Amino acid sequence: MQFNSSLTQLERLPLTTDLTPEPTPDDGGIDREALEAPFAKQSVGTLTAGEGTNGQRPNSVSLQKSEELRQTMLAHRQERQILILQDFPDPDALSSAWAYQLIAQQYDIKCEIIYAGTLSHQENIALVKLTGLPAQRCPLQNLKSKDLSSYQGFVLIDNQGTTSQLVPVLEQAGIPLVAVIDHHSLQGNLKSEFVDIRPDVRATATIFTQYLQTGLLPLDSTINQHVKCATALMHGLRSDTNLLMQAKEEDFLAAAYLSRFYDVQLLNAILQANRSKRVMDVIERSLKNRIVQNNFSIAGVGYLRYDDRDAIPQAADFLVTEENVHTAVVYGIVHDEDDELEVVIGSLRTTKLTLDPDEFIKEAFGQDSSGRFFGGGRTSAGGFEIPMGFLSGGNENSAYAKMKWEVFDAQIKQKLLRLVNPRDNPIQSE
């Protein structure tokens, strides 16, 4: 999951981080009947190789998985499902979940898209506000107090449950896992009715675009909601392929298909969202605190508010642009003052073709007691989250907070430098 940045200014756009369930009004020109009617009338016949809607013959994997997903949705008609995104969803996750929701509507399946954390990256906020993307923040306590008996299943989009604190609640409530659709490497054993995990594809948005191409939901450029979803998918695809520079053939074909439907001006407005002062402060902190060894730039940025979490990957994006640096790792302790929740969050960015972020992060930080890795990655990017558990909170005492940060900072550096300089002692005694 990758976060693109833009230094240009988005005029007249009041960006805020309060995206809890208050609905966003859509454009005045939207024909509501045109949005709803196609989902009730759409044919859901068997998919065949001749039904690709982009003039290209769909590959066998996308055809097979599209047919499997169609059969799964037929088996769950008129049910309610929860779509779970990672705690801090990116454009790839947000757009893919929206595409799933639109596909599911054809089978009378009602879906709610939720995430536990927040949207703090300026482009993610702009994406949701400008498109009316129906994703809602649902903190852990809210889900615990929610009546879950009306849901017949949950779905993981662009994650495998390791980056969402909501999944254990649903599992404890006995809600079955219906589908997992992701492009990251397999994180562990998954007991799901439908699984489509393709690490060789650069973006989950590419997988969903293939679903659309094979006929699960033929896009219509006269339907406003389809145009906005196509725009979101294009943004997600570009974001996770580093502006298509890391794209593979399937990603390019998906982008070519979406190019017939997406709104260029809308996408441009999303990309022009400007950085907040707090994000710039974190980037400055990372520049000040970085150490550079063997072309690796490593920086701890201390404590961050929960709402500023996305400043960490943006700082990594910045540090990797330094001369003679091919890999940057930025990390900090993200805290939620209301819940006294603290977690170490880090992001990795690399331009080195022979460095596999997924392998590097898994080797550096390992697994928890249940066998789940603390992080992973894909081509050119990765991330990790390490819960602090018993050590969370208590930061009213500044001396204690400083001591706690120094311990975590030293431990993370030690684990990273063990791989960067395997023959050196990463912590030198003074």
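Look above for the structure.
Numbering of residues begins from 1 in every chain and follows the order in which that chain's sequence is written. Per-residue local features are limited, in this predicted model, to residues with pLDDT of at least 70; the limit for side-chain atom pairs, both in listing and counting, is 80 or more; totals at the level of whole chains, interfaces and linings are taken over all residues. Hydrogens and water are ignored here; the side-chain numbers use all heavy atoms of the structure.

K.L.:
Which residues make up unusual backbone geometry, and what values go with them?
P.N.:
Even without being glycine, Asp108 reaches a positive phi, approximately 55°. Here Asp108 falls in the partly exposed class, since its relative accessible area comes to 41%. Notably, Asn324 is not glycine yet its phi reads approximately 70°, a positive angle. In this text, helices come from DSSP runs of H or I with a minimum length of four residues, and strands from runs of E with a minimum of two, each type numbered from the N-terminal end. Positionally, Asn324 belongs in the loop between helix 12 (311–319) and strand 9 (327–336). When accessible area is computed with a 1.4 Å probe and restricted to protein chains, residues below 20% of their type maximum are described as buried, those above 50% as exposed, and intermediate ones as partly exposed. On the accessibility criterion, Asn324 (59% relative accessible area) is exposed.

K.L.:
Please set out helix 14 (residues 398–420) residue by residue, giving values where relevant.
P.N.:
For a helix, the expected span equals 1.5 Å multiplied by the number of residues minus one. Taking 1.5 Å per residue as the helical rise, helix 14 with its 23 residues ought to reach 33 Å, and the 32 Å between its terminal C-alpha atoms agrees with that figure. Those residues of helix 14 lying buried are Ala401, Lys404, Trp405, Phe408, Asp409, Ile412, Lys413, Leu416, Leu417 and Val420. Looking at the buried side of helix 14, the elements it contacts are strand 7 (291–293), strand 8 (296–305), strand 9, strand 10 (341–350) and helix 13 (357–365). Polar contact is defined as a pair of N or O atoms within 3.5 Å, subject to the rule that within protein one atom must be able to donate a hydrogen and the other to accept it, and that residues adjacent in sequence are counted only when both atoms are side-chain atoms. A side-chain oxygen of the first residue of helix 14 lies 3.0 Å from the backbone nitrogen of Ala399; this N-cap is Asn397. In this description, contact between two residues means that some pair of their heavy atoms is separated by no more than 4.5 Å.

K.L.:
I'd like a description of the packing of helix 3 (residues 91–105) against helix 4 (residues 122–131), backed by residues and values.
P.N.:
All axes are obtained by fitting lines to C-alpha atoms, using only the stretch in contact for helices, and the reported angles, taken between N-to-C directions, cover 0 to 180 degrees. Orientation of helix 3 relative to helix 4, taken along the N-to-C sense of each, is 25°, at an axis distance of 10 Å. What the angle tells us is that helix 3 and helix 4 run roughly parallel. Helix 4 is crossed by helix 3, and the crossing has right-handed handedness. On the side of helix 3, the interface is formed by Pro91, Leu94 and Trp98, while helix 4 contributes Asn124, Leu127, Val128 and Thr131. Roughly parallel means an angle under 35 degrees; roughly antiparallel means over 145; roughly perpendicular covers 65 to 115; every other angle is labelled oblique. Should the near helix be turned anticlockwise from the far one by less than a right angle, the crossing is left-handed, and should it be turned clockwise, the crossing is right-handed.

K.L.:
Lay out the pairing of strand 5 (residues 177–182) with the relevant residues and their values.
P.N.:
For strand 5, a buried count of six out of six residues is recorded, marking the element as mostly surrounded by other parts of the structure. Whether a crossover is right-handed comes down to one check: with the strands pointing away from the viewer, does the path from the first strand over the helix to the second run clockwise; if it does, it is right-handed. With helix 6 (residues 167–172) bridging strand 4 (residues 153–157) and the parallel strand 5, this β-α-β connection has right-handed handedness. Summarising the sheet, strand 5 and strand 6 (residues 194–197) pair through four bridges and their orientation is parallel. When the bridges of strand 6 are listed, Asp182 appears paired with Ile197. Whether two strands pair comes down to DSSP finding at least two bridges between them.

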